[in-house]
Amino acid sequence: MSNVDTAPTAPTATVVDDAWEPRLVRPADAGVPASPEGLQEFLGGTDVARLLVEERAVVFRGFGVSTGAYDGVADLLLPARLAYVHGNSPRTKVGRNLYTSTEYPAEFEISMHNEMSYAHAWPSRILFFCDVAAATGGATPVVDGRLWLDSIDPEVRAAFAAGVRYTQNLHDGVGFGKSWQATFETEDRAEVEAFLDGAEAEWSWRPDGTLRVTQQRRATLEHPVTGTEVWFNQADQWHVAGLGEDAAALAEIVPEDELPQNAFFADGSPIPAEYIRHVQEVGLRKAVNVDWEAGDLLLVDNVSVAHGRRVFTGARRILVAMS
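In this text, all values refer to a predicted model and were calculated from it rather than measured experimentally.

**Q** Mind showing me how you'd approach the overall build of the protein chain here?
**A** Scanning the protein chain from N- to C-terminus turns up 11 helices and 19 strands. Dimensions of the protein chain along its principal axes, counting C-alpha atoms only, are 60 × 45 × 40 Å. Relative to its 323 residues, the protein chain shows a buried fraction of 53%. The long-range share in the protein chain, meaning contacts at least 24 apart out of those at least 6 apart in sequence, stands at 79%. In the form shown here, the protein chain has an accessible surface area of approximately 13,700 Å², with 51% of it arising from carbon and sulfur atoms.

As structure tokens, then:
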């Protein structure tokens, strides 16, 4: 189950090729003033769902959007903002279901992924907002999911045909990775249990307060409007081979079944490290960079398009909301 828009009037997406890139909308293109009010005027007369299916990702630039004007614009782009419940990446909540982008060190690249594609339900749209642009680098690469799928070696695609098994060990406040309290934005175990039961996940509490969660999910997905099949999983971001040297060092001292998170083939067998590296390399190589300017907004169809992050220097601040 997903939260993806399913408006029957939306058109079939165009054929995917290496030339695809996000649509850029500026005030002059939209025929409105270069202000947040101008952007709101444009959005008020636009079928955003249709636009997003057609373009897959849209950058709004030059409208002078600030943090103070953000909510008025975001409310027109996101039908209902979702909380980042059961999110696996480190973020800080800074507003009404508004979060910082993944808080990984600037010197590390973040591989391509569809937000929460490991989960039972995922957001249909992601809205990024550039509050502060990096001094250098810091682009958000985006890749069309069909192109990514088509570019993966057939042997690797076939190996993932049955899906992915994700495992998590969420500590009780002290330990490696995220706590269950931070992951589910609650201190109430009953709330967590109800959420996981509804998400068709297997779970158990350990004597030390750790919560172990196992989820069986698909590796690809058909877009609910266009029917286009896309690569749609985060096996490479959960697998030790895709998480860099620190994760590899942790795996040497922590038993595999006690790692904060891990990914396996659907039958529980290990995914070869070379498959993980191949998937990551293909996604990043096929991606198109969105180079940020302060005030930019990037709206992404979270099924059609995956995103990541390039390395950067300086005080980059990108905020994220979902619906």
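**Q** Looking at this structure, how should I read the environment of Tyr84?
**A** Here Tyr84 lies in the loop between helix 4 (67-77) and strand 3 (93-95). With 99 residues separating them along the chain, Tyr84 and Thr183 place their C-alpha atoms 8.1 Å apart. Among residues more than four places away in sequence, those in contact with Tyr84 are Ser89, Arg91, Tyr99, Glu115, Met116, Lys178, Thr183, Glu185 and Met322.

**Q** Would you mind going over helix 2 (residues 36-44) with me for this structure?
**A** Residues of helix 2 that are buried: Pro36, Gly38, Leu39, Phe42 and Leu43. End-on view of helix 2: buried residues confined to an arc of 155 degrees, all on one side of the axis. Set apart from the buried face of helix 2 by more than 90 degrees, the exposed residues are Glu37, Glu41 and Gly44. On the buried face of helix 2, the contacting elements are strand 1 (23-25), helix 1 (27-30), helix 3 (48-55), strand 2 (57-60), helix 4 and strand 16 (297-301).

**Q** What exactly am I supposed to notice about empty space enclosed by the protein here?
**A** Gaps between atoms show up when a probe of the same size as a water molecule is rolled over them. Scanning the model with the defined rule gives 2 cavities of 30 Å³ or more in all. In this structure, the largest cavity spans a volume of roughly 120 Å³. As for the largest cavity, its lining consists of 13 residues, and the residues nearest its centre are Ser101, Thr102, Phe128, His307 and Gly308. Tallied by class, the residues present in the lining of the largest cavity amount to 3 nonpolar, 6 polar and 4 charged.

**Q** When you look at the side chain of Thr210 in this model, what are you seeing that I'm missing?
**A** Of note, Thr210 is situated in the loop between strand 10 (202-205) and strand 11 (211-217). Every residue in contact with Thr210, bar those within four places of it in the chain, is listed here: Asn169, Leu170, His171, Ser204 and Trp205.

**Q** Any chance you could explain a negative patch on the surface here in plain terms?
**A** On the surface, Asp172, Glu187, Asp208, Glu256, Asp257 and Glu258 cluster together into a negatively charged patch. Here Asp208 lies in the loop between strand 10 and strand 11. Judged by its relative accessible area of 56%, Asp208 is exposed.

Each value, and the rule that gives it
- Residues numbered from 1 in each chain as written.
- Predicted model: local features only at pLDDT ≥ 70, side-chain atom pairs only at ≥ 80, totals over all residues.
- Heavy atoms only, no water.
- Helix = DSSP H or I, 4+ residues; strand = E, 2+ residues; numbered from the N terminus.
- Buried < 20%, exposed > 50% of the residue type's maximum accessible area, 1.4 Å probe, protein only.
- Contact = heavy atoms within 4.5 Å.
- Areas by Shrake-Rupley, 256 points an atom, 1.4 Å probe, with all protein chains shown as cover.
- Arc of directions from axis to C-beta.
- 1 Å grid on protein atoms, 1.4 Å probe; cavity = no way out; pocket = protein on both sides within 12 Å on 5 of 7 lines; lining within 4 Å.
- Points joined across faces, edges and corners; volume = space filled by probe spheres on them.
- Nonpolar A, V, L, I, M, F, W, Y, C, P; charged D, E, K, R; others polar.
- Patch = residues over 30% accessible without salt bridge, like charges linked within 9 Å, V, L, I, M, F, W, Y side chains within 5 Å.
- Salt bridge = Lys/Arg side-chain N within 4 Å of Asp/Glu carboxyl O.
- Lys, Arg positive; Asp, Glu negative; His and termini not counted.
- Charge placed at Lys NZ, Arg CZ, Asp CG, Glu CD.

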